[in-house]
Amino acid sequence: MGLSAAFFDLDKTVIAKSSALAFGRPFYRDGLISRRDVVKTAYAQLMFRLGGGTDEQSMARTRDYMAALCKGWRVEQVQQIVAETLNDLINPYVYAEAAVLIAEHQAAGRDVVLVSASGDEMVRPIGALLGITDVIATRMAIVDGRYSGAVEFYAAGSAKVVGVKRLAEERGYDLSQCYAYSDSSSDLPLLEAVGHPSAVNPDRALRRVAALRSWPVMEFRNPVPLGRRLRDRPAVPVAAALGVGVGVAIGFALYGRHRRTRASAA
């Protein structure tokens, strides 16, 4: 356990895709989501990425929809799907720059923590893939081995800070000496909570804030599978600063595939 920590958002910060929607195809294949779910979640994810879903009310709606969508799913089935598909669906999309940065923080004696709105059952195995054991993620209530339809903790927006502060209190971190990385303006509370915030692949709103506050801005552009990173180490250098400056939308991946199919057929 280190004296300080580096907190990493997951989607578009450590991996080049959404961790939740990455598993859309196997979830659909195993009957956990329907075509109707695909359409509804595609729209929700699109609105979120365009900046229309980052306020507290929108995030609450996403939380409630996620709870309803997952109600009745067997936890063991979800864990099995993630375990079986992790290497194919996540490993090739880990940014090499993020892997290098994570290793640098660990070498400096800092704990590295993944902080994601995706479910713990997805985020924790991804962390293990990266050599990270500390995770702050969404936790669904479980009754008799199935998701009950309630959310115990939704790790989005300001709630991420609640989890970060709780962990800091348990371990004695001085948050002014800690680091945080994210791509989304929805994570402004997380970035503001530490002494060393950085914007990674930032959306337009976050890029503006980073410029105003002289936060480093990093561009990660090189997803490289773990095996190749080990063979070619060091991978690529940590991305240079460019200036002074929910998780449940499973269907978006399928929606994108549908649009590509239509375009090729046109």
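Everything below is about the structure shown above.
Below or above, wherever it landed, is the structure these notes cover. Nothing here was measured: the structure is a model prediction, and the numbers come from that model.

A short note on unusual backbone geometry
Link 1 in the chain: One non-glycine residue, K12, lies in positive phi territory at about 65°.
Link 2 in the chain: Looking at K12, the relative accessible area reads 27%, which means it is partly exposed.
Link 3 in the chain: Located in the positive-phi region is S214, a residue other than glycine, with phi close to 60°.
Link 4 in the chain: With respect to the helices and strands, the residue S214 is situated in the loop between α9 (204-213) and β7 (217-218).

What about the pattern of salt bridges?
For side chains bearing opposite charge, pairing can occur when the charged atoms are close.
Link 1 in the chain: According to the stated counting rule, one finds 10 salt bridges in the structure shown.
Link 2 in the chain: Among the salt bridges present, the one from D9 reaches K160, with a minimum N-O distance of 3.1 Å. In this pair, D9 is assigned in strand β1 (residues 5-9) and K160 in helix α7 (residues 158-171), connecting sequence segments 151 residues apart.
Link 3 in the chain: In this structure, the salt-bridge partner of R207 is E219, at a minimum N-O distance of 2.7 Å.

Section: the side chain of S186
Link 1 in the chain: Secondary-structure assignment places S186 in the loop between β5 (179-182) and α8 (188-192).
Link 2 in the chain: Looking at S186, the relative accessible area reads 9%, which means it is buried.

Considerations on the packing of aromatic side chains
Link 1 in the chain: Going through the model one piece at a time under the given rule, you end up with 5 aromatic pairs.
Link 2 in the chain: Ring centres of F27 and W73 lie 5.5 Å apart, and the angle between their planes is 65°; this geometry places the pair in the edge-to-face category. Of this pair, F27 sits in helix α1 (residues 24-29) while W73 sits in the loop between α3 (56-70) and α4 (75-89); the two residues are 46 residues apart in sequence, bridging distant segments of the chain.
Link 3 in the chain: F27 sits in the buried class, given a relative accessible area of 0%.
Link 4 in the chain: Ring pairs connect the aromatic residues F23, F27 and W73, which therefore count as one cluster.
Link 5 in the chain: Directly above the ring of Y93 sits K17, whose terminal nitrogen or CZ lies 4.0 Å from the centroid.
Link 6 in the chain: The aromatic ring of F153 is capped on one face by R166, whose charged end is 5.9 Å from the ring centroid.

A word on the environment of C70
Link 1 in the chain: Within the secondary structure, C70 sits in helix α3.
Link 2 in the chain: Under the relative-accessibility criterion, C70 is labelled buried at 8%.
Link 3 in the chain: Placed 78 residues apart in sequence, C70 and S148 show a C-alpha to C-alpha distance of 8.1 Å.
Link 4 in the chain: Setting aside residues up to four positions removed in sequence, C70 forms contacts with M140 and Y147.

About the cut-offs
- Residues numbered from 1 in each chain as written.
- Predicted model: local features only at pLDDT ≥ 70, side-chain atom pairs only at ≥ 80, totals over all residues.
- Heavy atoms only, no water.
- Buried < 20%, exposed > 50% of the residue type's maximum accessible area, 1.4 Å probe, protein only.
- Helix = DSSP H or I, 4+ residues; strand = E, 2+ residues; numbered from the N terminus.
- Salt bridge = Lys/Arg side-chain N within 4 Å of Asp/Glu carboxyl O.
- Phe/Tyr/Trp six-rings, centres within 6.5 Å; stacked < 30°, edge-to-face > 60°.
- Lys NZ or Arg CZ within 6 Å of the ring centre and 35° of its normal.
- Contact = heavy atoms within 4.5 Å.

That's the geometry; what it means functionally is another story.
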